[in-house]
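A look at the structure
Residues per chain are reported as follows:
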Amino acid sequence: MKITVLVITVLKTTVPKTTVLKTESDRYSAVNIIRWLSPFLLALVILLGGCAPRSSDRVNPVSPEHPIRVVATTSVIADLVRQIGGDLVVVEGLMGPGVDPHLYQASEGDVSAITEAELVFYNGLHLEGKMVEIFEQMEGRGMPVHAVTDGLSDEDLLSSAQFTGNHDPHVWFDPGLWKKAAQAVGTVLSAHAPEQAERFAAATAAYEADLDMLTAWARTSLDAIPEDYRVLVTSHDAFGYFGRAFGLDVHGLQGISTVLEAGTADVRDLAAFVAERRIPSLFLESSISPRGMEAVRAAVRDRGFEVRIGGTLYGDALGGPGTGADTYVGMLRSNVETIVAGLTPAS
Ligand SMILES: [Zn+2]
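Residues numbered from 1 in each chain as written. Predicted model: local features only at pLDDT ≥ 70, side-chain atom pairs only at ≥ 80, totals over all residues.

1. Comments concerning the overall build of the chain
Formally: Numbering of helices and strands runs from the N terminus; a helix is a DSSP stretch of H or I covering at least four residues, while a strand is a stretch of E covering at least two. For the exposure call, what matters is how many other C-beta atoms sit within 10 Å of a residue's own: 20 or more marks it buried, 12 or fewer exposed, and in between partly exposed, using C-beta atoms placed from the backbone. Remark: residues whose backbone-derived C-beta atoms lie within 7 Å of one another are considered to be in contact.
Along the chain, the regular secondary structure elements total 11 helices and 8 strands. Expressed as a percentage of the 347 residues in the chain, the buried residues total 42%. Here the analysis covers contacts within the chain between residues at least 6 apart in sequence; of these, 69% occur between residues at least 24 apart.

Next comes the structure, spelled out in structure tokens:
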């Protein structure tokens, strides 16, 4: 197992040479050392060049009986690869429902999964704040690691006032851009398994048609909100692309990353804006604590205006099984329904 090699290498380089792991407590200490070192293990994958068997290493051609082993970082990307790959892929998503990718750190299990995968997909654009540099280096070294946003142009991307020089990573909220991500995934899968290229191309085309239908439905639904109320106030700036695609003015309490916490001035300024514009609802996000938005709500009330919590949106993670939001299409539908209900005044 490659991961064993990694761990032994870590121990060799960090544990004094006199240390021999004979007793149970010695072994327990070793486990602690490994746990402490886990953020560095991913970096070691690069140093050892240990990532992923290549397609040429395969004994069997890709088929439902011998699917491609894929790792994806976020649940949104895991769903995308499943939609395009169908039964020709087995996808392990590292981040489950409700997990914040900006703050996520690779675990020992993740490092193991990455080293064993044939293909790794990540978002890029600094979404996976603690992992993205490592992935970029792996991709740069020709390892089978791919950012689904690689094919997007400067015109596609929104810039970020918060991080000068960086783009807003939340591209999936524009289904038009997510079609391009779907094409990128299809291209990578086809290059990995040319014998199944026709299947991947057909699945990509079908999924693009699904996203076109979703876009048309979302546009019709959101256009029903009175123009003055087309203002989306959420926990963090995940919805910039959504606002651009569907004509909503978007305000997040935190910036495009959750690494920086909102301060009292942010709460005060946002509350002043909400009270002045008499915005009917604030929205929570599934991967972020509700405390910030509750503080905004209280500050709005202090200004003599009552704003509702309009519901919880799926921001950086899909919903769990049974929520109806455990696919990208289901997630976007759920968000649009919540937004329309929250911003449409009772008649
Ligand atoms: Zn985010």
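2. Structural notes on helix 11 (residues 328–343)
We apply this condition: Expected helix span is computed as 1.5 Å times (number of residues minus one).
Across its 16 residues, helix 11 extends 22 Å between first and last C-alpha, which sits within 8% of the 22 Å expected from 1.5 Å per residue. Taken residue by residue, helix 11 has Tyr328, Met331, Leu332, Ser334, Asn335, Val336, Ile339, Gly342 and Leu343 as its buried positions. Those residues of helix 11 that are buried are in contact with helix 3 (75–85), helix 6 (175–192), helix 7 (197–223), strand 5 (231–236), strand 7 (281–285) and strand 8 (308–313).

3. Overview of the sheet that holds strand 3 (residues 119–122)
Note the threshold: Strand pairing requires that DSSP identify at least two bridges connecting the strands. To obtain an axis, a line is fitted to C-alpha atoms, over the contacting stretch when the element is a helix, and the angle between two such axes runs from 0 to 180 degrees between their N-to-C directions.
If you walk across this open sheet you meet the 4 strands as 2-1-3-4, and the pairing is parallel. At either margin of the open sheet sits one strand with a lone partner, and together these are strand 2 (89–93) and strand 4 (145–147). The sheet shows a mean angle of 25° between the axes of neighbouring strands, taken without regard to direction. Where strand 1 (residues 68–72) lies against strand 3, 3 bridges are found, and the strand directions are parallel. When the sheet's bridge partners are listed, valine 70 is paired in strand 3 with leucine 119. Its contacts with the sheet place helix 5 (residues 132–140) against strand 3 and strand 4, and it is angled at close to 120° to strand 4. Across the sheet, helix 6 is in contact with strand 1, strand 3 and strand 4; its angle to strand 3 comes to roughly 170°.

4. A word on the confidence of the model for the chain
Here is the rule we go by: Per-residue confidence from the predictor is reported as pLDDT, a score between 0 and 100.
Per-residue confidence for the chain gives a mean pLDDT of 85, with 81% of residues at or over 70. Across residues 1–36, confidence stays below pLDDT 50; counting only partners more than four residues off in sequence or on other chains, it has 26 contacts.

5. Thoughts on the pairing of strand 8
Applicable threshold: Place the viewer so that the strands point away; then a crossover is right-handed whenever the path from the first strand over the helix to the second strand goes clockwise.
Across 4 bridges, the pairing between strand 7 and strand 8 is parallel. The residue of strand 8 that forms the bridge with glutamate 285 is leucine 313. Where the polypeptide runs from strand 7 across helix 10 (residues 291–302) and back to strand 8, its parallel neighbour, the crossover connection is right-handed.

6. Some thoughts on the environment of histidine 192
Positionally, histidine 192 belongs in helix 6. With 23 C-beta atoms counted inside 10 Å, the residue histidine 192 sits in the buried group. Distance from histidine 192 to isoleucine 68, taken between C-alpha atoms, is 8.7 Å for residues 124 residues apart in sequence.

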